[in-house]
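So the chains spell out like this:
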Amino acid sequence: MDHENLDSLPPFPDDVPTILLDRLSLTKLLRYDSDEYRKFCRACENIGFFYLDLRNEGQGDSILSDADELFKISEQLFALDFEEKSKYDHSKKRSYYGYKPLGAGQVDEKGNLDSVEFYNIAKDDLFGIMEPLPQPDIIQNNRYKLKTFVTNAHAIVRLVLDLLNEHLQLPPSTLANMHCIDQHSGDQIRMTRSPPQPMNDGVPRLAGHTDFGSITVLFNRLGGLQVLPPGPDAEWKWVKPLPGHCIINLGDSLVKFTNGLLRSNIHRVISSPGEQARSTRYSLVYFSRPEDNVLLKRLEGSAVIPPLPEGVVEEDVSSKDWVIRRALANRTNLHDKVNMESALGTEKISRRIKV
Ligand SMILES: O=C(O)CCC(=O)C(=O)O
Ligand SMILES: [Fe+2]
């Protein structure tokens, strides 16, 4: 089935350093295929990123169609006037939901600004379990499609969590029970747009970061995403978008739950490579996060999660506080001077460099 009109976009060049992520099959993972499961476990420990082939499986085909629809909706959303979009910037109320204008976040210590705009839609809003936020008509009129996308993305998240639960030898459903779709959490859809950007002086569109929550389900069509593999001599590598696949990556909470056994990889977005730099770039993300009150600490009850070093006491930080801190730390409208250190999550652990 042709889900994405990738043909009309300039091709991803074949002469840029590209990471060979595992391509895992949703169909095989749903069957608990043993080779696929082994590859999955290895990918989650070593790089924390993989492609998931969604084709020819009912739920996978549904989410590919949902993503097509949502890309069209996001084109219409971002085409609205800046004044209209700015009505939905809730950062002053310490909320990361709604609109983040282009250039609202700092990307480095020098004070360079990002070049991507976002619109974040709360899962809790779509599921009617929070005070509804004001939304532009294009969102209001498509709540059903947005909710369907969340439901399908959450089913993928659930599968990934169940497989990890097994790998970690945790009591049944330990991870799933911290990510119930009908409980309060910071789960969200994010739509992003960045304008065409010729290869510039190396200022990223979106600064290097690890994702704040548990599992990210990402759809993009143009290059621009890069990951920084572990190790002291690592160099940024491109992630090539593949039709019919989403990209799955692990976030901070799984690093905290497993004391670093699972990996949340640093990634960033820069200008799209080659001819692609002349096109506007959109991406569509589902971020799943632990329920608001879950503490981000090493989990008990597993023989494979490494113990904490002698004498180390973990901070008591809830999933909700962790995500809000990270999401708003680099917003220039909220701080006299942005302190990039305060925006960090598990990046230092992610580098896997012994100090
Ligand atoms: O746009 C992309 O490909 C990735 C975006 C991303 O990393 C994020 O929004 O956290
Ligand atoms: Fe990210």
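One can find the structure itself at the top, above this paragraph.
Structure report, in brief. On a predicted model such as this, the values are computed, not experimentally measured, just so you know.

1. Some points on the coordination of the iron ion (ligand 2)
Thought 1: Taken together, the protein donors to the iron ion (ligand 2) comprise H209 (NE2), D211 (OD) and H267 (NE2), at separations of 2.1 to 2.2 Å.
Thought 2: For the iron ion (ligand 2), the single-chain donor residues occur in sequence as H-x1-D-x55-H.
Thought 3: Given the relative accessible area of 14%, H209 is considered buried.
Thought 4: Residue D211 is classed as buried on the basis of its relative accessible area, which comes to 4%.

2. Regarding unusual backbone geometry
Thought 1: Its identity as a non-glycine residue notwithstanding, N56 has a phi of 65°, on the positive side.
Thought 2: Its relative accessible area of 67% is what places N56 among the exposed residues.
Thought 3: With phi around 55°, Q169 is a residue other than glycine that occupies positive phi space.
Thought 4: Topologically, Q169 is positioned in the loop between α7 (143-167) and β5 (188-194).
Thought 5: Look at Q169 and you get partly exposed, because its relative accessible area is 47%.

3. Here we look at the packing of aromatic side chains
Thought 1: Scanning the model with the defined rule gives five aromatic pairs in all.
Thought 2: Both rings, one in F82 and one in Y99, keep their centres 6.5 Å apart while their planes meet at 70°; by these two values the pair is edge-to-face. Of this pair, F82 sits in helix α4 (residues 82-86) while Y99 sits in strand β3 (residues 98-100), and the two are 17 residues apart along the sequence.
Thought 3: For Y99, a relative accessible area of 2% corresponds to the buried category.

4. Some points on the nonpolar core
Thought 1: If you look at the biggest cluster of nonpolar residues, it comprises 71 residues, and the most contacted ones within it are F40, L52, L164, L175, I189, M191 and F219.
Thought 2: Of the residues forming this core, the biggest block, 11 residues, is contributed by α7.
Thought 3: Every residue in contact with L52, bar those within four places of it in the chain, is listed here: L24, S25, L26, L29, I156, G244, H245, C246 and I248.
Thought 4: Among the nonpolar cores identified, the runner-up in size contains 14 residues, and F49, L218, L242 and F287 belong to it.

5. Quick notes on the packing of helix α3 (residues 58-78) against α7
Axis angle and axis distance: for two packed helices, these are the angle between their axes and the distance between the axes, and together they describe the pair.
Thought 1: Close contact between α3 and α7 brings their axes to 9 Å; oriented N to C, the two are set at 140°. Accordingly, the angle class assigned to the pair α3 and α7 is oblique. By crossing handedness, the relation of α3 to α7 is classed as left-handed. Between α3, through Q59, S62, I63, D66, E69, L70 and I73, and α7, the contact on the second element is made entirely by K145, L146, T148, F149, N152, A153, A155 and I156.
Thought 2: Residues belonging to the contact of α3 with α7 are distributed by class as follows: eight nonpolar, four polar and three charged.

Rules used throughout
Sequence positions are assigned chain by chain, starting from 1 and proceeding in written order. Chains and ligands are labelled by the order in which they are written, letters from A for the one and numbers from 1 for the other. Residues qualify for local features only when their pLDDT is at least 70, as the model is predicted, and side-chain atom pairs are given and counted only at 80 or more; totals for whole chains, interfaces and linings, by contrast, use all residues. Water and hydrogen atoms were dropped before computing side-chain values, which therefore reflect all heavy atoms in the structure. Atoms of type N, O and S within 2.8 Å of a metal are treated as its donors, and for Na, K and Ca the window is 3.2 Å; water is not considered, so some sites may appear to be missing partners. Only protein chains enter the accessibility calculation, which uses a 1.4 Å probe; a residue whose area is less than 20% of its type maximum is buried, one above 50% is exposed, and one in between is partly exposed. The secondary structure listing takes helices from DSSP runs of H or I that are at least 4 residues long and strands from runs of E that are at least 2 residues long, numbered from the N terminus. Classification of ring pairs rests on two measures: the distance between centres of Phe, Tyr or Trp rings, Trp counted by its six-membered ring, which must be within 6.5 Å, and the angle between planes, read as stacked under 30 degrees, edge-to-face over 60 and tilted in between. Here, nonpolar core refers to any group of buried Ala, Val, Leu, Ile, Met, Phe, Trp, Tyr and Cys residues whose side-chain atoms link them within 4.5 Å. Contacts are assigned to residue pairs with any non-hydrogen atoms lying within 4.5 Å of each other. Working convention: axes come from line fits to C-alpha atoms, limited for helices to the stretch in contact. Angles between N-to-C directions cover 0 to 180 degrees. Between 65 and 115 degrees an angle is taken as roughly perpendicular, under 35 as roughly parallel, over 145 as roughly antiparallel, and anywhere else as oblique. If you view the pair so one helix is near and one far, a crossing is left-handed when the near helix is turned anticlockwise from the far one by less than a right angle, and right-handed when it is turned clockwise. Each residue receives one of three labels: charged for Asp, Glu, Lys and Arg, nonpolar for Ala, Val, Leu, Ile, Met, Phe, Trp, Tyr, Cys and Pro, and polar for the others, Gly being one of them.

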